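Structure at a glance
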Amino acid sequence: MADTKTEEKLSPDNYWQQLRSKAPLFVESAIGFANEIGLNVSDLKIDHIGLRYSKPEDVDFLKKALDLSGTNISTAVVNGRPISIYKLIKPIEAGNYQIPCVELPFPAKEHNYPEDGWEHVEFVLPNPNMGLEENFKARYPNFKGDYKIDEPKVEGEQLPNPTIILKHPTNKMLTLKFHGNSIEEVVRSKS
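Keep in mind that this is a model prediction, so the values were computed, not measured. (Residues numbered from 1 in each chain as written. Predicted model: local features only at pLDDT ≥ 70, side-chain atom pairs only at ≥ 80, totals over all residues. Heavy atoms only, no water.)

A word on the sheet that holds strand S6 (residues 148-150)
Strand order in the open sheet formed by 8 strands is S2-S3-S4-S1-S5-S8-S7-S6, and the pairing between neighbours is mixed. The strands lining the two open edges of the sheet, one partner per strand, are strand S2 (70-78) and S6. Across the sheet, the axes of successive neighbouring strands diverge by a mean angle of 30 degrees, strand direction being ignored. Together, strand S1 (45-52), strand S3 (81-94), strand S4 (97-105), strand S5 (117-124), strand S7 (163-167) and strand S8 (175-179) form the strand contacts of helix H2 (residues 12-36), whose direction differs from that of S5 by roughly 55 degrees. Helix H4 (residues 132-139) rests against S6, S7 and S8 of the sheet, and its axis sits at about 50 degrees to S7. (Pairing = 2+ DSSP bridges. Helix = DSSP H or I, 4+ residues; strand = E, 2+ residues; numbered from the N terminus. Axes fitted to C-alpha atoms, helices over the stretch in contact; angles between N-to-C directions. Contact = heavy atoms within 4.5 Å.)

The structure is reproduced here in structure tokens:
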């Protein structure tokens, strides 16, 4: 909510409904980006989509809305900041996808987001017989673009959750992520 006047005019639930209505177009843009760079994701599951907000008070406002629309299944400190995962009562529908969860992190100090809102789509790329990067390269042997591998450090998680990250070259609010296990599996693995 870059404009705090918006916060004053809308209830948390109304704000969430407006944000939710923008999710299908955001997912469509993410899939378009994937197709542009030669990644066919049509048969992969999207287990969650992530938001980015620059002010902690906006995150707190949105948490109130998400508490009405789902269940907080995890709030953990990941790489030094709290990140909440919400399982929605009604999954977000975007094309053929049913997206069950939303990730809502507190702002990272080192990032300056150009706007608040949807920021990434996470696809599950399962293959228990090979590592994530090996699986990604096997699935997309012709992909020559840049990507980053991150392994979030979360206290108590037993299931590793390495992530392949592909950022759009010009749109800082459009990122593709791939991981081997769904976020719900990772959350359930906590000791």
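Let's pick the thread back up.
Here we look at H4
Those residues of H4 not exposed but buried are Leu 132, Asn 135 and Phe 136. Around the axis of H4, the buried residues are gathered within 100 degrees of arc, so they sit on the same side. The inward-facing, buried residues of H4 abut S7 and S8. (Buried < 20%, exposed > 50% of the residue type's maximum accessible area, 1.4 Å probe, protein only. Arc of directions from axis to C-beta.)

So, the pattern of salt bridges
Scanning all chains against the criterion turns up 5 salt bridges. The shortest N-O distance in the salt bridge between Arg 139 and Asp 43 comes to 2.3 Å. In this pair, Arg 139 is assigned in helix H4 and Asp 43 in the loop between H2 and S1, connecting sequence segments 96 residues apart. Here Asp 43 falls in the exposed class, since its relative accessible area comes to 55%. The shortest N-O distance in the salt bridge between Arg 52 and Glu 103 comes to 3.7 Å. With a gap of 51 residues between them, Arg 52 in strand S1 and Glu 103 in strand S4 connect regions that are remote in the sequence. (Salt bridge = Lys/Arg side-chain N within 4 Å of Asp/Glu carboxyl O.)

Quick notes on the pairing of S1
Of all the 8 residues making up S1, 7 are buried; the element is thus mostly covered by neighbouring parts of the structure. Across 3 bridges, the pairing between S1 and S4 is parallel. In the strand pairing of S4, His 48 is matched with Cys 101.

Structural notes on H2
Three or four residues apart is the spacing at which side chains of an α-helix point the same way, because the helix has 3.6 residues per turn. Its 25 residues place the ends of H2 35 Å apart at the C-alpha level, agreeing with the 36 Å of an ideal helix rising 1.5 Å per residue. If you look at H2, its biggest bend is around 30 degrees, right at Ala 23, and the proline Pro 24 turns up within four residues after that. Burial in H2 covers these residues: Pro 12, Tyr 15, Trp 16, Leu 19, Arg 20, Ala 23, Phe 26, Val 27, Ala 30, Phe 33 and Ala 34. Phi turns positive one or two residues past the end of H2, at Gly 38, with a value near 85 degrees. (Expected span 1.5 Å × (residues − 1). Bend = angle between axes of the 7 residues up to and from the residue.)

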